[in-house]
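Analysis of the macromolecular model
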Amino acid sequence: MAGTDPISQFKVKTLFSFGTIGADENGANGVDLVFTNSALFMVLTVGLIATYLILSTRGRGLVPSRLQLVSEMSYEFIANMVRSSAGTEGMKFFPLVFSLFSFILIANMWGMFPYFFAVTSQIIITAALALLVMAVVIIYGVWKNGFGFLKLFVPSGIPLPILFIVVPIEVLSFLSRPLSLSLRLFGNILAGHIVLKVFAGFIVSLSALGALGMFGSILPFVMAVALTGLEFLVSALQAFVFAILTCIYLNDAIHPGH
Amino acid sequence: MEADAARLIGAGIATIGMGGAGVGVGIIFGNYLAAAIRNPAAAASQFSNLIFGFAVTEALGIFSLVIAFMILFA
């Protein structure tokens, strides 16, 4: 059925092209420099965050205005989270965590508009974010602790025979972190948008059946409205989950001993 | 044609794994609620642990969902 294919909404389209660089004389093997709808919504996301935070805090009121209050509350929210899960030393990573949280939250929210593109439903975006976090954790952990960073894999107070089982499990769980961090966000947003589209497709195909079908299509319509509400919850929750997992992984880099 | 049918059946079977994640997430929230009713004062301090456990459990369900998508579309 045309128009109700649940996957076509994730298609990355070229909006305009800057041409190709690095192509050989046959015009092959080059890199296409194109501005896609994915890039457009990332620009919109960053633009909205930057504009809002700059404009709302420009007054610097001692008694904050309503707009300024939202900025201060989101600062307090993330700052408390970083302090409680990574300690005061973790506050040097506050800009990273706050940027990740606000980028994912606003990108998810842009994606909730009909016909808009959900940036976080592309695995390349979420994988890049997760690899950034893991790179920061590993580089900072090794820079700060040296070989002591390997204590991360050796929990203290465990008898030697059991260590032979525990250490491989710890290594495996560390290696699966970037995978789960990226797939969780990607899978949640992708699955949510597919389910919304499938239920919207039920409305169309049921109401094509005539009067009885139109009456019956009330059920998937109610479901689609309820699922939209659920998706807003999931969007905010996944941004929060990504931020808090970043804090917990950073805590491992700052204090590697268990 | 048989290969197409087998692919669809396989994708359906792969999503069974999400049931396990559903049970796990239910246990986590149920136990959090039970503990929060016993000691409401300590509930707020454990909220980030709740979300951490939820996220780690849910990831396993998402893995099986991604396997299903890979069977269907990749």
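Residues numbered from 1 in each chain as written. Chains lettered and ligands numbered in written order. Predicted model: local features only at pLDDT ≥ 70, side-chain atom pairs only at ≥ 80, totals over all residues.

So, on to the overall build of chain A. For chain A, the helix and strand inventory stands at seven helices and two strands. Reading chain A from its N terminus to its C terminus gives the helix and strand order β-β-α-α-α-α-α-α-α. For 258 residues, the compact-globule formula gives about 18 Å, and the C-alpha radius of gyration of chain A, at 23 Å, lies well above that figure. Viewed in the frame of its principal axes, chain A has a C-alpha envelope of about 70 × 60 × 50 Å. Counting over 258 residues, chain A shows a buried share of 26%. (Helix = DSSP H or I, 4+ residues; strand = E, 2+ residues; numbered from the N terminus. Rg over C-alpha atoms; globule rule 2.2 N^0.38 Å. Buried ≥ 20, exposed ≤ 12 C-beta atoms within 10 Å, placed from the backbone.)

Quick look at the overall build of chain B now. Each helix and strand counted, chain B has four helices and zero strands in total. Counting from the amino terminus, chain B carries its helices and strands in the arrangement α-α-α-α. Against the 2.2 N^0.38 benchmark of 11 Å for 74 residues, chain B shows a C-alpha radius of gyration of 17 Å, more extended than a compact globule. Long-range contacts, defined here as pairs at least 24 residues apart, represent 91% of the contacts in chain B between residues at least 6 apart. (Contact = placed C-beta atoms within 7 Å.)

An α-helix turns once per 3.6 residues; consequently, residues spaced three or four apart project the same way. All names here are of chain A. The end-to-end C-alpha distance of helix α4 (residues 123-145), which contains 23 residues, comes to 32 Å, matching closely the 33 Å that a straight helix rising 1.5 Å per residue would cover. Within α4, the full set of buried residues consists of Ile125, Thr126, Leu129, Ala130, Val133, Met134, Val137 and Gly141. Buried residues belonging to α4 abut α3 (94-111), α5 (160-207) and α7 (218-254). Within two residues after α4, Gly146 carries a phi angle of roughly 65 degrees, on the positive side. (Expected span 1.5 Å × (residues − 1).)

A separate point is the interface of chain B and chain A. Taken residue by residue, the interface counts 11 residues in chain B and 15 residues in chain A. Looking at the side of chain B that touches chain A residue by residue, the classes come out as nine nonpolar, one polar and one charged. (Nonpolar A, V, L, I, M, F, W, Y, C, P; charged D, E, K, R; others polar.)

Our next topic: the environment of A:Asn188. Note on placement: A:Asn188 falls in helix α5. A sequence separation of 45 residues divides A:Asn188 from A:Trp143, and the C-alpha atoms of the two residues are 34 Å apart. In this view, A:Asn188 contacts A:Val234, A:Gln238 and B:Ile62; residues no more than four positions away in its chain are not counted.

Bringing the confidence of the model for chain A into the picture now. Averaged over every residue, the pLDDT of chain A is 88; residues scoring 70 or more account for 98%. Mean pLDDT per element in chain A: strand β1 (residues 14-21) of chain A is the minimum at 81, and α3(A) is the maximum at 95. (pLDDT = per-residue confidence, 0-100.)

A few words now on the packing of helix α2 (residues 66-86) of chain A against α3(A). All names here are of chain A. Contact geometry for α2 and α3: axes closest at 10 Å, N-to-C directions at 125 degrees. If you check the angle between α2 and α3, you find them oblique. Regarding α2 and α3, the two cross each other, and that crossing is right-handed. Here Ile78, Ala79 and Val82 of α2 come into contact with α3, specifically with Phe94, Val97, Phe98 and Phe101. The residue inventory of the contact of α2 with α3, partitioned by class, reads seven nonpolar, no polar and no charged. (Axes fitted to C-alpha atoms, helices over the stretch in contact; angles between N-to-C directions. Parallel < 35°, antiparallel > 145°, perpendicular 65-115°, else oblique. Left-handed = near helix turned anticlockwise from the far one by under 90°.)

All right, on to the pairing of β1(A) then. All names here are of chain A. Where burial is concerned, little of β1 is hidden: zero out of the eight residues are buried. Pairing between β1 and strand β2 (residues 31-36): five bridges, direction antiparallel. Bridge pairing in β2 links Ser17 to Val34. (Pairing = 2+ DSSP bridges.)

With that settled, consider the environment of A:Phe98. All names here are of chain A. Checked against the element boundaries, Phe98 lands in helix α3. By the C-beta count within 10 Å, which is 20 here, Phe98 ends up buried. Considering only alpha carbons, one finds Phe98 and Met109, 11 residues apart in sequence, at a separation of 16 Å.

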